[in-house]
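Fold and contact review
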Amino acid sequence: MLMKKTLLLSALLFSAAAANAADVTATYQASAWLKSANMCNFDAVAPANATDFYVGGTFDNGTASKTAEALYWSDTEIVAKDSYTGSIVKNVLLARADAQCAPVWTIAPDFAQCENNGVFATRLQSGSAVYAFNLRASNAASGKAFSFTDKAGKKVEISVAPQATATTTSCGLILCLSPNGVYRWHVAIEADNFTAEDASVAAPVTFTATSLVADSHDNVFLAGNYGGGYLDFGNGVKAPAAANTTITNGKAAGATSFVVKINHEGKATSVLTALAGAGAGAKETQQVLAAEGSQLALTEYVDAAAGKSIRYFRLDGTLELVADPTEYSIATTGTVQLSSAAFHSGELLINGNSNQALTQDDEKIFTPAAAAKLEGITIRASFTPGAPSTCYATGVNIGQTNYSWVSDGKLLTYGYCMTGSKVNLNVFDYATAERLQTIDLAVAGTTKSAFFNENNNTLYGTSYARSASFPGTDVKYTATAFNGILGAWNVAGLSGAINSVADDTVVADAPVEYFNLQGMRVVNPSKGSLVIRRQGTKVAKVIF
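A few words on unusual backbone geometry. In the Ramachandran plot, Ser345 falls in the positive-phi region, its phi being about 50° despite a non-glycine side chain. Topologically, Ser345 is positioned in the loop between strand E28 (336–344) and strand E29 (347–354). One non-glycine residue, Ala442, adopts positive backbone phi at about 60°. Positionally, Ala442 belongs in strand E37 (residues 435–444). Judged by its relative accessible area of 31%, Ala442 falls in the partly exposed class.

And the structure:
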């Protein structure tokens, strides 16, 4: 019998009985900070390969003279220009970092006007990085929106059609870079005035991108909302004038949701709008996407005249609804903030917070620990009609969950608690939703994004604060300004982690099963994908 050496998993994600077998630990590995004269933030992180990851950030030098100034990534000085005088709009930093949070390459555009919370990142199967931005283009003849030099030395300048109906134009950008930081393609999302179609419609001054994901075929999906006029994604794909808004003095009130699909060549192919049916005068919508293989799901929070609710839907690769969306609604009377979503075992994990009770199918699934205080939550949302969802709550005041994953029968969440300004890792029993542990990660601030790399069992998370502490590091942050914080922690105590090398003696007649890294069964893995292979009692990570 053929013997081979392979990395083994001592267990997979399938046994909830193992949830209490051992405590989870999070050991500090590395950290970095992003600093300018006024405010910086690591907004987004996404895996690049087995150890490296992509980073997107924003910064504001906060000075009247917008000449080139120093931007620091820990002790590394990056010369960058803040190209806007307003306090809300900021410039952008794009980068690839190594496992120790040190920059491998960085790109600081010489012109970008990015809104707060305006950078999103995802990774294609090819290894390329895709970023999305909320931008504000000036009402100048050039319509200049984004300008940078890639790592091959190519100058890239991106413009949008300037609008006469607004002093500035909200717009969006989707940008693809190779693993080496070389420009591949972009999609500019323009606020088109469509004068010939409807001269009375104002530019969509409320355009906001909120979530970005990629599927196993390198299609990219961007979700967000807009109010007022039309959106033009290029390639003949346009979103109609927002139905849920009213225009007063050229300003839009209310918001309509959208999801746009961009193919692997960087061409828009379809767009879906007003999915939640919020109704006229909707005050607010928020969207987060989840992708797994070719599966796609959209979650929205809607504040409308008919009431407030979280709704979630399954979509196919052409942005068509898979099932009746009215079945999947969670009611609330309060405020909900969504941060991310992910598939697990045919269900949907929705991360965010809420300050009021959540009810589904007349069953209360969440009540905040303190009245009217935002509490971090993860909703395990069921796609089975009549089966209420499960809520995992952190039990803290003024908090939010930004990211969650499942391993060894446990749900782990990354988020913050404003009380004490703490960044926490919470551990739950996945089957019962009982909170087992709260681990203080010894970093102050408000969290933004995170991901868990199963190749090195490391959690990478971002936050920002005026003052911060990094365990084991002498940090030279600026106490009077907001600093972006990037941390790495090795997570142990999960039997699903790679922890041994042993002889893999395969039982020849045992069936072979494949699972993705989240523990979901995969019937037909994509060629070149990293999957978990189980045959009999032997389990290994393999490249299919």
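To continue, consider the environment of Pro240. Structurally, the position occupied by Pro240 is in the loop between strand E19 (238–239) and strand E20 (246–248). The class for Pro240 is partly exposed, based on a relative accessible area of 42%. Distance from Pro240 to Val271, taken between C-alpha atoms, is 9.8 Å for residues 31 residues apart in sequence. In this structure Pro240 touches Tyr226, Gly229, Tyr230 and Thr273, once residues within four positions along its chain are discounted.

Moving on, we come to the confidence of the model for the protein chain. Across the protein chain, the average pLDDT comes to 80, with 76% of residues at 70 or higher. Note that pLDDT drops below 50 for residues 193–198; the model gives that stretch nine contacts with residues more than four away or on any other chain. In the model, residues 277–281 has pLDDT below 50 throughout and makes six contacts with residues more than four positions away in sequence or in other chains.

The subject of this paragraph is the sheet that holds strand E17 (residues 220–226). Taken in spatial order, the four strands of this open sheet run E16-E17-E22-E23, and their pairing is antiparallel. Lying at the two open borders of the sheet, with one neighbouring strand each, are strand E16 (208–214) and strand E23 (268–273). Between one strand and the next, the sheet's axes are offset by a mean angle of 20°, whatever the strand orientation.

Calculation rules
Throughout this document, residue positions are counted from 1 along each chain, in the order its sequence is written. Owing to the predicted nature of the model, reporting of local features is limited to residues with pLDDT of at least 70; listing and counting of side-chain atom pairs is limited to 80 or more, with chain, interface and lining totals taken over all residues. Computation of side-chain values covers all heavy atoms of the structure but excludes hydrogens and water. Here a strand is any run of E in DSSP of at least two residues, a helix any run of H or I of at least four, and the numbering for each starts at the N terminus. In this scheme, a residue with accessible area under 20% of its type's maximum is buried, one over 50% is exposed, and one in between is partly exposed, where area comes from a 1.4 Å probe on protein chains only. Every residue pair with non-hydrogen atoms within 4.5 Å of one another is taken to be in contact. The predictor's confidence in any single residue is recorded as pLDDT, a number from 0 to 100. Only when DSSP finds a minimum of two bridges between them are two strands counted as paired. In this description, a line fitted to the C-alpha atoms serves as the axis of each element, helices being fitted only across the stretch in contact, and the angle between N-to-C directions of two axes falls anywhere from 0 to 180 degrees.

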